[in-house]
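# Notes for the structure review
In case you want the letters, here they are:
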Amino acid sequence: MTHPSSRIARHSPAALFLFVDAMRYWSAARRSGRPVLASLHARLGRHGWAQLLPAIDSLLGLTETMLGRRLRTGRVPALSEDENMLINLLQGRRTAPIIHACSDAVACAFCGAVRSVQILMDMELGRPKQKQAA
């Protein structure tokens, strides 16, 4: 059973800010050759995101595979088109068709990864602080 606020957890401005921060940190870690999950955990683990990080890593990796290029990240306060696309998908908003350079199987895996992150955000971020995973 989910917490009553779980349905809106991924619509929270704070959650979206942290997701964009995760996306930018992930991208920077990949470019510099740093261990991605360790970098993300050091940055976001204390915010109750530890359980989300492997799913976010998967989603972002599949996004690059699907698009056939590296993710484009913005700079504070501007969001990139890629960041906007992923935020809209996580919030369940309709988006313009995504032009992809991958097989249908990879596109399907991408859709599953989006859904997994949605579910985990709602489960993990919708719980009271004292019950969130460490």
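Everything discussed here concerns the structure shown above.
Structural notes, computed from the coordinates. (Residues numbered from 1 in each chain as written. Predicted model: local features only at pLDDT ≥ 70, side-chain atom pairs only at ≥ 80, totals over all residues. Heavy atoms only, no water.)

## So, unusual backbone geometry
The following threshold applies: Strands here mean DSSP runs of E at least two residues long; helices mean DSSP runs of H or I at least four residues long; both are numbered from the N terminus.
For the peptide bond that leads from Val-76 to Pro-77, omega is 0°, which places it in the cis range. Within the secondary structure, Pro-77 sits in the loop between helix 3 (53-67) and helix 4 (81-90).

## Notes on the pattern of salt bridges
Operational definition: Criterion for a salt bridge: a side-chain nitrogen of Lys or Arg within 4 Å of a carboxyl oxygen of Asp or Glu. Classification of residues uses two cut-offs on accessible area relative to the type maximum, computed with a 1.4 Å probe and protein chains only: under 20% is buried, over 50% is exposed, and between them is partly exposed.
By the definition in use, this model includes four salt bridges. A salt bridge links Arg-69 to Asp-82; the nearest nitrogen and oxygen atoms lie 2.7 Å apart. Here Arg-69, found in the loop between helix 3 and helix 4, pairs with Asp-82, found in helix 4; they are 13 residues apart in sequence, far enough to count as distant. Overall, the relative accessible area of 26% leaves Arg-69 in the partly exposed class.

## Concerning the packing of helix 4 against helix 5 (residues 104-125)
Short version of the rule: A fitted line through C-alpha atoms serves as each axis, taken over the contacting stretch for helices, and the angle formed by two N-to-C directions is quoted from 0 to 180°. Here is the rule for handedness: rotate from the far helix to the near one, and if that takes an anticlockwise turn smaller than a right angle the crossing is left-handed, while a clockwise turn gives right-handed. The contact definition used throughout considers only heavy atoms, calling two residues in contact when any of these lie within 4.5 Å. Residues were grouped as follows: Ala, Val, Leu, Ile, Met, Phe, Trp, Tyr, Cys and Pro as nonpolar; Asp, Glu, Lys and Arg as charged; and all remaining residues, including Gly, as polar.
Packing of helix 4 against helix 5 leaves a shortest axis separation of 9 Å and a crossing angle of 65°. As for the relative orientation of helix 4 and helix 5, their crossing is right-handed in sense. The residues of helix 5 that touch helix 4, namely those facing Leu-86, Leu-89 and Leu-90, are Phe-110, Val-114, Val-117, Gln-118 and Met-121. When the residues that make up the contact of helix 4 with helix 5 are grouped by side-chain class, the tally is seven nonpolar, one polar and no charged.

## Examining the nonpolar core
Filter applied, for reference: Grouping buried Ala, Val, Leu, Ile, Met, Phe, Trp, Tyr and Cys residues that are joined through side-chain atoms within 4.5 Å yields what is termed a nonpolar core.
The biggest cluster of nonpolar side chains holds 33 residues, and the ones touching the most others in it are Phe-19, Trp-49, Ile-56, Leu-59, Leu-60, Leu-86 and Met-121. Of all elements in the fold, only helix 1 (13-32), helix 2 (36-44), helix 3, helix 4 and helix 5 reach the threshold of two or more residues within this core. Of all the elements, helix 1 adds the most residues to this core, at nine residues. Contacts of Phe-19, omitting those with residues within four sequence positions, involve Trp-49, Ile-56, Leu-59, Leu-60, Leu-86, Ile-87 and Leu-90.

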